[in-house]
Amino acid sequence: MESPSIETLTARLSQLEQQNEALRQEVAALRLEQKTYSQHKVDSNANGLDHATLLSEAETPFEKVTKLTNPEIARYGRQLILPGFGIQGQLDLRNCSMLIVGAGGLGAPCALYLGAAGVGRLGIVDHDTVDISNLHRQVIHNEARQGMSKAESAALSVRLINPHCKVVAHDLVLDSSNAQPIINSYDIIIDATDNAATRYLLNDACILGGKPLVSGSALRFDGQLTIYNYRGGPCYRCLFPTPPPAETVTNCSDGGVMGVVPGVIGCLQALEAIKIAAKINESDVPTMTIFSANASTMFRTIKLRKRKPDCIMCGDAPTITKLIDYVRFCGASATDKTPDLFLIPMKERMTVEEYKHIKDENAPHLLLDVREKVQFDICSLPSSLNIPLKDLSKQIDQVKDQLRGQSQLPIYVVCRRGNDSQPAARLLQEQGVTTGEIRDIVGGLDRWADKIDPEFPKY
Amino acid sequence: MATLNINLQFSGGMELLFDNQKSINVQIPSTFSDKAVEKHATNMRDLIAWTAENLVQERPELFLGNDGSVRSGILVLVNDADWELEGELEYEVQDGDEIVFISTLHGG
Ligand SMILES: [Zn+2]
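Residues numbered from 1 in each chain as written. Chains lettered and ligands numbered in written order. Predicted model: local features only at pLDDT ≥ 70, side-chain atom pairs only at ≥ 80, totals over all residues. Heavy atoms only, no water.

1. Quick look at the sheet that holds strand 9 (residues 366-369) of chain A
Residue and element names in this part refer to chain A. Pairing is parallel across the open sheet formed by four strands, whose spatial order is 10-9-11-12. The open sheet terminates on both sides in strands that have one partner only, identified here as strand 10 (384-386) and strand 12 (438-440). Across the sheet, the mean angle from the axis of one strand to that of its neighbour is 25 degrees, orientation sign disregarded. Where strand 9 meets strand 10, three bridges bridge the pair, whose relative direction is parallel. Within strand 10, the residue paired with Leu368 across the bridge is Leu385. (Pairing = 2+ DSSP bridges. Helix = DSSP H or I, 4+ residues; strand = E, 2+ residues; numbered from the N terminus. Axes fitted to C-alpha atoms, helices over the stretch in contact; angles between N-to-C directions.)

This is the structure:
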């Protein structure tokens, strides 16, 4: 046997040593996470951390300090030597408590930076659990934590970065029954939520509790940032007295969002919260910062109105003096989940099983997919015709062309979840494009993937 | 007829109502007249009605409110300032103005 050259051996050895080192680091990181997690589990069990205990934990004034410890000085050195921030700014931050509502795309970077920067106590509210489709933007969570409470996961990540920060995880849905005492027990509130109802709830609770509200939002390539109820500036209701019609509100799961966009806004929210805590730029006039990732001018800061004396919430004679039912007020639920639409009676629709049968039988029909083209490009059923719902009335002739004189051909309409397919089927019926049946598929392609074809992608 | 050159901009998803255009330069009449009312200098009320009639591709209810203003959830900026500071609907549009319509976002 030919013996390997010394060069080959050396190269192989160094390769293995590198792999060994990488594995050692991974083991160390996982051990640390395991330790922190199990410690926290023990803590939770010992204290029986239910809502009431959590609240009392949050309500207990945390110990404020007059000087930083040496480990703190070592950790925050780069901030301490900043003119305009310095030791006083760091102490102000250390003696401040902040509440982040939402541990999603905005809350993720916000919590990481606030925890790392040295906020004394950080509360994190979220009732959702970690899902793989969150991870492109909610970088505080990770793959191993799928199914874990987002509030817990976010708290764990902050503790791993900075054990000096006292993190409180509030694993609950914030509503008018529980919001006020929680808001009252923090100094600065950060709105990192994903729906209109919770935004109005937070606004009102912050007015009633006298807390500044650092509000961020993001969708597609756009983001917005405003501080409400701060230094004579407006509240959310001064700007938007009535909630938007529910059909004009788009959530991230329907509209899409570039992961970095809420990341940018979440970082800016952390920055604004730090500036409030450290009393920097206190003379600023109220503004809104608008971020458009794909415009030539990415950032635009606009001057906002001041507090409106006739505002029903923060005005001189407010008519709202306690929290109301925000889900009813907004006509939309307090989540970013898309609700099911019931426009057409179930018996006039078609199940995925029935459609599978039609396909298996090779029964002649036209399958019309009314999703947007970007979604159709991800995945589609074979030989389906794509006309997005919003173009359907203009392009009805294209459907007629497809029938090519087969005036009795049945048409089946499909979309992502079985919502858009209903108005589309209605439109086709009204236009009388076929004398055959026109039905839409309940649950859409999502249900097709769940019930019929596990290989079919879900997004 | 005298006209005003105005730059209209759309953001936060507003552009979807305008065929995905984020910026449109328009020329609008410098005066309008209501029924039986004398001519008056073009104000924001006129501009909003003109925009809905001439530029919104479909579903004007996603742009218009019911009082001649925009629907709730849209913030209007006049030259980078909240239009409330300029008089809202009564603001008289000037040649060269930049008017932005922003849909407020709720996602996160
Ligand atoms: Zn107000």
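That covers the picture; the talk isn't over yet.
2. Describing the nonpolar core
Among the nonpolar cores identified, the biggest contains 40 residues, and Met98(A), Leu114(A) and Leu122(A) are the most heavily contacted of them. Tallying contributions element by element places helix 12 (residues 260-277) of chain A first for this core, with seven residues. Leu114(A) has contacts with Met98(A), Ile100(A), Val119(A), Leu122(A), Ile190(A), Ala270(A), Ala273(A) and Ile274(A), leaving out every residue within four places of it along the chain. Within the second largest apolar cluster, 34 residues are counted, among which are Leu202(A), Ile302(A), Tyr326(A) and Leu75(B). (Core = buried A, V, L, I, M, F, W, Y, C linked by side-chain atoms within 4.5 Å. Buried < 20%, exposed > 50% of the residue type's maximum accessible area, 1.4 Å probe, protein only. Contact = heavy atoms within 4.5 Å.)

3. Brief notes about helix 6 (residues 107-117) of chain A
All names here are of chain A. For helix 6, a buried count of nine out of 11 residues is recorded, marking the element as mostly surrounded by other parts of the structure. Looking at helix 6, one finds that the buried residues are Gly107, Ala108, Pro109, Cys110, Ala111, Leu112, Leu114, Gly115 and Ala117. Immediately downstream of helix 6, the backbone of Gly118 shows phi near 110 degrees, a positive value.

4. Brief notes about the pairing of strand 2 (residues 121-125) of chain A
All names here are of chain A. Of all five residues that make up strand 2, five are buried, and the element is covered over most of its length. Alternating positions in strand 2 separate into two faces, Arg121, Gly123 and Val125 on one and Leu122 and Ile124 on the other, with burial throughout. Bridge count between strand 1 (residues 97-101) and strand 2: five bridges; the pairing is parallel. Following the sheet pairing, Leu99 is matched in strand 2 by Gly123. Each parallel crossover has a hand, and for strand 1 linked through helix 6 to strand 2 it is right-handed. Sheet topology places strand 2 next to strand 3 (residues 166-170); five bridges connect them, and they run parallel. Paired with Gly123 across the two strands is Val168, which belongs to strand 3. Crossover strand 2 to strand 3 through helix 7 (residues 150-161) is right-handed. (Right-handed = clockwise from strand over helix to strand, strands pointing away.)

5. A closer look at the confidence of the model for chain A
In this model, chain A carries a mean pLDDT of 90, and residues with pLDDT of at least 70 account for 92%. Within the model, the stretch residues 42-48 of chain A combines pLDDT values under 50 with three contacts to residues more than four positions away or in other chains. (pLDDT = per-residue confidence, 0-100.)

6. A closer look at the interface of chain A and chain B
If you look at the interface, chain A gives 39 residues, while chain B gives 32 residues. Summed over both partners, the interface of chain A with chain B comes to about 2700 Å²; 54% of that surface belongs to carbon and sulfur atoms. The interface formed by chain A and chain B contains five salt bridges. We note a salt bridge from Asp80(B) to Arg300(A), for which the minimum N-O separation is 2.7 Å. Linking chain A with chain B are 17 residue pairs in polar contact (both at pLDDT 80 or more), by the criterion used here. At the level of secondary structure, the elements contributing two or more residues to the side of chain A that touches chain B comprise helix 9 (196-209), strand 5 (213-219), strand 6 (222-228), helix 10 (236-239), strand 7 (287-292) and strand 8 (299-303) of chain A. The element that contributes the greatest number of residues to the side of chain A that touches chain B is strand 8 of chain A, accounting for four residues. (Buried area = accessible area lost by both parts, 1.4 Å probe. Salt bridge = Lys/Arg side-chain N within 4 Å of Asp/Glu carboxyl O. Polar contact = N/O pair within 3.5 Å; in protein donor to acceptor, adjacent residues only side chain to side chain.)

7. Remarks on the side chain of Glu72(A)
Residue and element names in this part refer to chain A. With respect to the element layout, Glu72 can be found in helix 3 (residues 70-75). When its relative accessible area of 7% is taken as the criterion, Glu72 is described as buried. A polar contact of 2.9 Å, which involves the side chain of Glu72, links it to the backbone nitrogen of Thr69. If sequence neighbours within four positions are ignored, Glu72 has contacts with Arg94 and His164.

8. Thoughts on the UniProt feature "binding site: ATP" (unreviewed entry) in chain A
Taking the numbering used here, the UniProt-annotated feature "binding site: ATP" (unreviewed entry) corresponds to Gly105(A), Asp126(A), Ser133(A), Asn134(A), Leu135(A), His136(A), Arg137(A), Lys150(A), Asp194(A) and Asn195(A). Along the polypeptide, His136(A) turns up in the loop between strand 2 and helix 7. The exposure class assigned to His136(A) is partly exposed, which follows from its relative accessible area of 45%. Not counting residues up to four positions away in its chain, the partners in contact with His136(A) are Val257(A), Met258(A) and Gly259(A). Inspection of the secondary structure puts Asn195(A) in the loop between strand 4 (188-191) and helix 9. If sequence neighbours within four positions are ignored, Asn195(A) has contacts with Ser333(A), Ala334(A), Thr335(A) and His106(B). For Asn195(A), the side chain forms a polar contact with the side chain of Thr198(A), separated by 2.8 Å. (UniProt positions renumbered as here; feature names shortened; annotations may be inferred.)

9. Topic: the packing of helix 6 of chain A against helix 7 of chain A
Residue and element names in this part refer to chain A. Helix 7 packs onto helix 6 with a crossing angle of 35 degrees between their chain directions and a minimal axis gap of 9 Å. Here helix 6 runs over helix 7; the crossing is right-handed. Of the residues in helix 7, those touching helix 6 at Ala111, Leu112, Gly115 and Ala116 are Ser157, Val158 and Ile161. Class assignment of the residues belonging to the contact of helix 6 with helix 7 gives a composition of five nonpolar, two polar and no charged. (Left-handed = near helix turned anticlockwise from the far one by under 90°. Nonpolar A, V, L, I, M, F, W, Y, C, P; charged D, E, K, R; others polar.)

10. Quick notes on the coordination of the zinc ion
Residues and elements named next belong to chain A. Those protein atoms acting as donors to the zinc ion are Cys235 (SG), Cys238 (SG), Cys311 (SG) and Cys314 (SG), and they sit at 2.2 to 2.3 Å. Around the zinc ion sit four donor atoms; with metal-centred angles ranging over 93 to 120 degrees, the donor geometry is tetrahedral. Sequence spacing among the residues donating to the zinc ion works out to C-x2-C-x72-C-x2-C. Here Cys235, found in the loop between strand 6 and helix 10, pairs with Cys314, found in the loop between strand 8 and helix 13 (326-330); they are 79 residues apart in sequence, far enough to count as distant. Both residues of the pair, Cys235 and Cys314, count as buried. (Donors = N, O, S within 2.8 Å, 3.2 Å for Na, K, Ca; no water. Tetrahedral: all angles 85-135°; square planar, octahedral: opposite > 155°, others 65-115°.)

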